Protein chains: 2
Amino acid sequence: MDFAQRAHDHNYRMDPIVRSRLDDDAYKWFMGATIYEKHPMVNVTFQLENRTKDVRLADHITLAELREQLDHAQSVTYTPGEIIHMRGQSYYGHSGLFKDSYVNRMAISKLPDYELSVDEEAGQFVLRSTGNWLDVKHWEIHFLTIVNELYARAQLRLLPKSKLDIMYARAKVRLYAKLERIVKEAPELTLSEFGTRRRHSFLWQRWVIETMRDVLGKQFVGTSNLLHAKELGVEVKGTIAHEMSMVYAALAAKDGEEAIRRSQYEVLKDVQTVLPERLRVFLPDTFGTTQFLEGFPQDLLPQAWTGYRPDSKESVEAGEEAIRFWKSKGSDPASKLLILSDGLDIDLPGEPGNGSDMIAIHKALHGRIMDTYGWGTNASNGFRGTVPGRPDLMRPISIVAKAVEAENRATVKISDNTAKARSIDPRELTRYLQIFGSQGVGLARETLV
Amino acid sequence: MDFAQRAHDHNYRMDPIVRSRLDDDAYKWFMGATIYEKHPMVNVTFQLENRTKDVRLADHITLAELREQLDHAQSVTYTPGEIIHMRGQSYYGHSGLFKDSYVNRMAISKLPDYELSVDEEAGQFVLRSTGNWLDVKHWEIHFLTIVNELYARAQLRLLPKSKLDIMYARAKVRLYAKLERIVKEAPELTLSEFGTRRRHSFLWQRWVIETMRDVLGKQFVGTSNLLHAKELGVEVKGTIAHEMSMVYAALAAKDGEEAIRRSQYEVLKDVQTVLPERLRVFLPDTFGTTQFLEGFPQDLLPQAWTGYRPDSKESVEAGEEAIRFWKSKGSDPASKLLILSDGLDIDLPGEPGNGSDMIAIHKALHGRIMDTYGWGTNASNGFRGTVPGRPDLMRPISIVAKAVEAENRATVKISDNTAKARSIDPRELTRYLQIFGSQGVGLARETLV
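I will try to describe carefully the structure that is included in this document. (Residues numbered from 1 in each chain as written. Chains lettered and ligands numbered in written order. Predicted model: local features only at pLDDT ≥ 70, side-chain atom pairs only at ≥ 80, totals over all residues. Heavy atoms only, no water.)

Some details on the packing of aromatic side chains
All names here are of chain A. Note the threshold: Only centres within 6.5 Å qualify two rings of Phe, Tyr or Trp (six-membered ring in Trp) as a pair; their planes then separate them into stacked at under 30 degrees, edge-to-face at over 60, and tilted for everything else. Runs of H or I in DSSP of at least four residues are treated as helices and runs of E of at least two as strands, each being numbered from the N terminus. Only protein chains enter the accessibility calculation, which uses a 1.4 Å probe; a residue whose area is less than 20% of its type maximum is buried, one above 50% is exposed, and one in between is partly exposed. Should the NZ of a Lys or the CZ of an Arg lie within 6 Å of a ring centre and within 35 degrees of the ring normal, that charge is described as sitting over the ring.
Tallied over the full model, the rule gives 62 aromatic pairs over all chains. On the basis of an interplanar angle of 90 degrees and a centroid distance of 6.5 Å, the ring pair of Phe-282 and Phe-325 is categorised as edge-to-face. Of the two residues, Phe-282 sits in strand E6 (residues 281-282) while Phe-325 sits in helix H15 (residues 315-328), which places them 43 residues apart along the sequence. As far as the burial class goes, Phe-282 and Phe-325 line up, both buried. Linked through ring pairs, Trp-29, Phe-30, Tyr-36, Tyr-78, Tyr-91, Tyr-92, Phe-98 and Tyr-102 together constitute an aromatic cluster. Here the guanidinium or amino end of Lys-336 rests over the ring plane of Trp-326, the centre of that ring lying 4.6 Å away.

Encoded structure:
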């Protein structure tokens, strides 16, 4: 009998969700490198939004437990060993990617204070944090993992042990079958794990990554989670996110419409001076992909960019558009990367996935462009339908944490999917829609990522 | 860090398979009650046989590890608490079933010494033990669980952790789906767990029993394993086995053919004086069911018997025969128990089982006779096809440990299935076939139980 262990187990205060500052998406650090150089003193607000309105999160999670986890996350700091690791780690084969001054700035970074309340009518939490962009941006992933895991735990509490047991067994069998289908039917499909933001739990995500590595072998190319990558010795993967273009546009807004329009390319110009070519993968859809590609300026060399990541357009359609774009710029599309990461899944016999089938997309695009896949929700939170007799449980929710303001001005995201268009200031949204139009923007579709 | 635990884990000598003398089938105790009264001084030999000849067990299991486990089993004795439990436990609602003198005799029972060698050409172990029937009979289940678990471990050693993980997950999901099908499609089907002899492992069997209990609720009526029943608070189930008729016949053999023929009914006459009605369930097939039922003597009251357990005839055919039998004896078949336990399974959509579908049998017989099911191999060792990329692994083997001699004379089993006919003395087999004929005896069919 280990009396100390027993006493500890019976008395421990809580099961912390954020165990390390590195339990974060790599793109936060990749974007930070440019922000540190170009906008080190900008004030930004990140705010949580639950797009799955019919799940009243405040009915499942108490304010007290949410606050406890947020406070705990805020108390976690980068350890000296983690800072050494981030400095020494190589990314896409590049070592010394991050300047010492940037790494030292991150070493003293703290998550700013947050504001938390409940919108009783909607049953949703109002959660936001304002601070220096370099610091506050790291709340994004922690807001998401904390809320997702607390919601998952609330549902797990409803289940007896035998149902929990079979739930995990079914989720394992299902994921394994999907990976086996990839190996068998699409031996050239490469895949990264992108599921941190929507994961069921930290330990489940680790199991998912280990299983991907074991089953996919060389077809598994990495994870976007810095901590899992570090602990499992797996490659780090990541690009940049919408927050760059959204904040850049908000900062430009005081200078008028043309400044806003141009700002989406200023992001690329800045990133190009900081990140090496292999990491230069842009996001075209913040204000609509079609206008973005059409307006791609002559003075911005597309050849300097390895590829791009469509994030809100149907994947094959997005691939075709990318192939046309690279050709129009005189580049061979087959040498350009296309990272697909929006609502992906793998269909199984008799069991269609909860997203677009990666193998079907791959078969449509492979060889014509360097397609690769970032698999998120349906891998790291693939429990839908696994609870015996309770098909309503374990449905992943679509939550996001976005940069909603920069220097006190509302940001705007339009995307290629009207369901994802957002601003906390409707006037700003209208203004942006006038600037960018809606060419190539699709109607709302059911999507989770 | 629990240093003591770590030191123990690193130094422990072996993982014992037989942890308790109660890790045994209940029928051994039920038969023992009669043997203690009627034949307390008979010498019997039990011997292992692997019917799955193409699995060369001696290539998978070393002589040393087998000996180590057998020696360990032999060193295990009934604890005072176990003896108290066996005395106090009620069986089928009967408390005080076992006489004090019988329980006291068992309390000092030890497993006799065994002889072990390897038949190098066949790749099989030659394993036998001779001793007083009351003692040696308990080797049966231990021989089987030890060899089965060592064989399972040998295969598990071939697999990396991730394949082990998915193997167990798949086996869990499959068993759960089978149980759910029973609840949904056959809400009056009742089931006991009979898988000790063929189990994958002790702990897996425990999971199977717990899951049966949780999913089937009242449809789960017990287990034949005394230890699991005790520890899980589950009902004990069991009947009598072929060894009774086989030994009785061998003891009668010196008195001629008619004595051999009559001996199969002497078993019932003796049991009837010892076990209460609810436990009187005979086994009709030791020398062929059809002749057994036809010759059922007038002086043996079939009304005194609750039912019987066909064990080697196709189940629906056996059920029809039972219905005809009870009618011919003036009993209402609907009041008689029919325990089916031979090679049972549950089919799943797109995945036929590895045995007869219990639901189909139940639909054919239910209401006409009190059908109930003893599910063995395909529950306690249902791993066939679960190992990714290795469909050859985890196939259960058909091993038995039979009473092959009594008082230096070979026993014989004929059964309803020529694949199961056996004697270590071919002359005795021929003699018995002449006595009993082969009416109603089927040709060999693929079966595991």
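What to know about the pairing of strand E2 (residues 114-119) of chain A
Residues and elements named next belong to chain A. Going by this rule: The rule for pairing is simple: two strands pair if DSSP sees at least two bridges between them.
Bridging between E2 and strand E3 (residues 124-132) involves six bridges; their strand directions are antiparallel. Following the sheet pairing, Asp-119 is matched in E3 by Gln-124. Counted along the chain from E2 to the antiparallel partner E3, the turn is four residues long, and its residue Gly-123 has a positive phi close to 70 degrees.

Quick look at the sheet that holds strand E13 (residues 409-410) of chain A
Residues and elements named next belong to chain A. This is how it is decided: Every residue pair with non-hydrogen atoms within 4.5 Å of one another is taken to be in contact. Axis lines are fitted to C-alpha atoms, over the contacting stretch for helices. Their N-to-C directions set the angle, which ranges from 0 to 180 degrees.
Pairing is antiparallel in the open sheet, where five strands are placed in the order E2-E3-E1-E12-E13. Whereas interior strands pair on both sides, the edge strands pair on one side only; in this sheet they are E2 and E13. Across the face of the sheet, helix H8 (residues 139-156) comes into contact with strand E1 (43-50), E2, E3 and strand E12 (399-406) while running at roughly 150 degrees to E12.

What about the packing of helix H9 (residues 161-185) of chain A against helix H9 (residues 161-185) of chain B?
Just so we agree on the cut-off: Each angle gets one of four labels, with under 35 degrees taken as roughly parallel, over 145 as roughly antiparallel, 65 to 115 as roughly perpendicular, and the rest as oblique. By definition, turning the near helix anticlockwise from the far helix through less than a right angle yields a left-handed crossing, and turning it clockwise yields a right-handed one. Under the grouping applied here, Gly and all other residues not named as nonpolar or charged are polar, the nonpolar ones being Ala, Val, Leu, Ile, Met, Phe, Trp, Tyr, Cys and Pro and the charged ones Asp, Glu, Lys and Arg.
Relative to each other, H9 of chain A and H9 of chain B sit at 120 degrees, their axes nearing to 8 Å. Classified by the angle their axes make, H9 of chain A and H9 of chain B are oblique. Remark: the crossing between H9 of chain A and H9 of chain B carries left-handed chirality. For the pair formed by H9 of chain A and H9 of chain B, the contact residues are Ser-162, Lys-163, Asp-165, Ile-166, Ala-169, Arg-170, Lys-172, Val-173, Tyr-176 and Glu-180 of chain A on the first element and Ser-162, Lys-163, Asp-165, Ile-166, Ala-169, Arg-170, Lys-172, Val-173, Tyr-176 and Glu-180 of chain B on the second. Among the residues forming the contact of H9 of chain A with H9 of chain B, the class breakdown is eight nonpolar, two polar and ten charged.

Concerning the relation of the copies chain B and chain A
Short version of the rule: The fit set for superposing copies consists of C-alpha atoms from residues with pLDDT of at least 70 in both; the fit itself is least squares.
If you rotate chain B by 179 degrees and push it 0.0 Å along the axis, it lands on chain A with an RMSD of 0.0 Å. The superposition operator between the copies reduces to a two-fold rotation axis. Among all C-alpha atoms of chain B, that of Ala-169 of chain B lies closest to the rotation axis, at 2.2 Å. Residue by residue, 100% of the interface of chain B is reproduced at the interface of chain A, so both copies engage with the same surface.

Description of the sheet that holds strand E13 (residues 409-410) of chain B
Residue and element names in this part refer to chain B. Pairing is antiparallel in the open sheet, where five strands are placed in the order E2-E3-E1-E12-E13. Unpaired on one side and paired on the other, strand E2 (114-119) and E13 mark the two borders of the sheet. Relative to strand E3 (residues 124-132), strand E1 (residues 43-50) is paired through five bridges, and the arrangement is antiparallel. Directly across from Thr-45, in E3, lies its bridge partner Thr-130. Its contacts with the sheet put helix H8 (residues 139-156) on E1, E2, E3 and strand E12 (399-406), and the angle it makes with E12 is roughly 150 degrees.

Some words on unusual backbone geometry
The phi dihedral of Tyr-92 of chain A is positive, around 50 degrees, even though this residue is not glycine. By the secondary structure assignment, Tyr-92 of chain A is in the loop between helix H5 (80-88) and helix H6 (100-107). Residue class for Tyr-92 of chain A comes out buried when judged on its relative accessible area of 15%. In the Ramachandran plot, Met-394 of chain B falls in the positive-phi region, its phi being about 65 degrees despite a non-glycine side chain.

Quick notes on the interface of chain B and chain A
How big an interface is tends to be reported as the loss of accessible area on association of its parts. As a reminder of what qualifies: Note: buried area is the sum, over both parts, of the accessible area (probe 1.4 Å) each one loses when the two are combined. Only one rule defines a salt bridge in this text: a Lys or Arg side-chain nitrogen within 4 Å of an Asp or Glu carboxyl oxygen. Each polar contact in these results corresponds to two N or O atoms within 3.5 Å; when the atoms are within protein, one needs to be able to donate a hydrogen and the other to accept it, and residues that are neighboring in sequence are counted only if both atoms are side-chain atoms.
In this complex, chain B contributes 14 residues to the contact, which on the side of chain A involves 14 residues. Buried area between chain B and chain A, summed over both chains or domains, comes out near 1400 Å², and the portion from carbon and sulfur atoms is 55%. For chain B, the biggest contributors to the area lost against chain A are Ile-166, Val-173 and Tyr-176 of chain B; these three give 33% of the whole. Taken together, the links from chain B to chain A amount to four salt bridges. Ionic pairing is found between Glu-180 of chain A and Arg-170 of chain B, a salt bridge with its closest N-O pair at 2.9 Å. Where chain B meets chain A, there are eight residue pairs in polar contact (both at pLDDT 80 or more). Breaking the side of chain B that touches chain A down by element, the ones donating at least two residues are H9 and helix H10 (202-216) of chain B. Class assignment of the residues belonging to the side of chain B that touches chain A gives a composition of six nonpolar, one polar and seven charged.

Considerations on helix H12 (residues 242-252) of chain A
When you tally the buried positions in H12 of chain A, you get eleven out of eleven residues, the bulk of the element. All of the buried residues in H12 of chain A are His-242, Glu-243, Met-244, Ser-245, Met-246, Val-247, Tyr-248, Ala-249, Ala-250, Leu-251 and Ala-252 of chain A.

Brief notes about the side chain of Gln-69 of chain A
Residues and elements named next belong to chain A. Within the secondary structure, Gln-69 is located in helix H4 (residues 63-75). A distance of 3.0 Å separates a polar atom in the side chain of Gln-69 from the backbone oxygen of Asp-15. Excluding anything up to four places from it in sequence, Gln-69 contacts Met-14, Asp-15, Pro-16, Ile-17, Ile-146, Leu-150 and Arg-153.

By themselves, these are just geometric observations and shouldn't be taken as functional.
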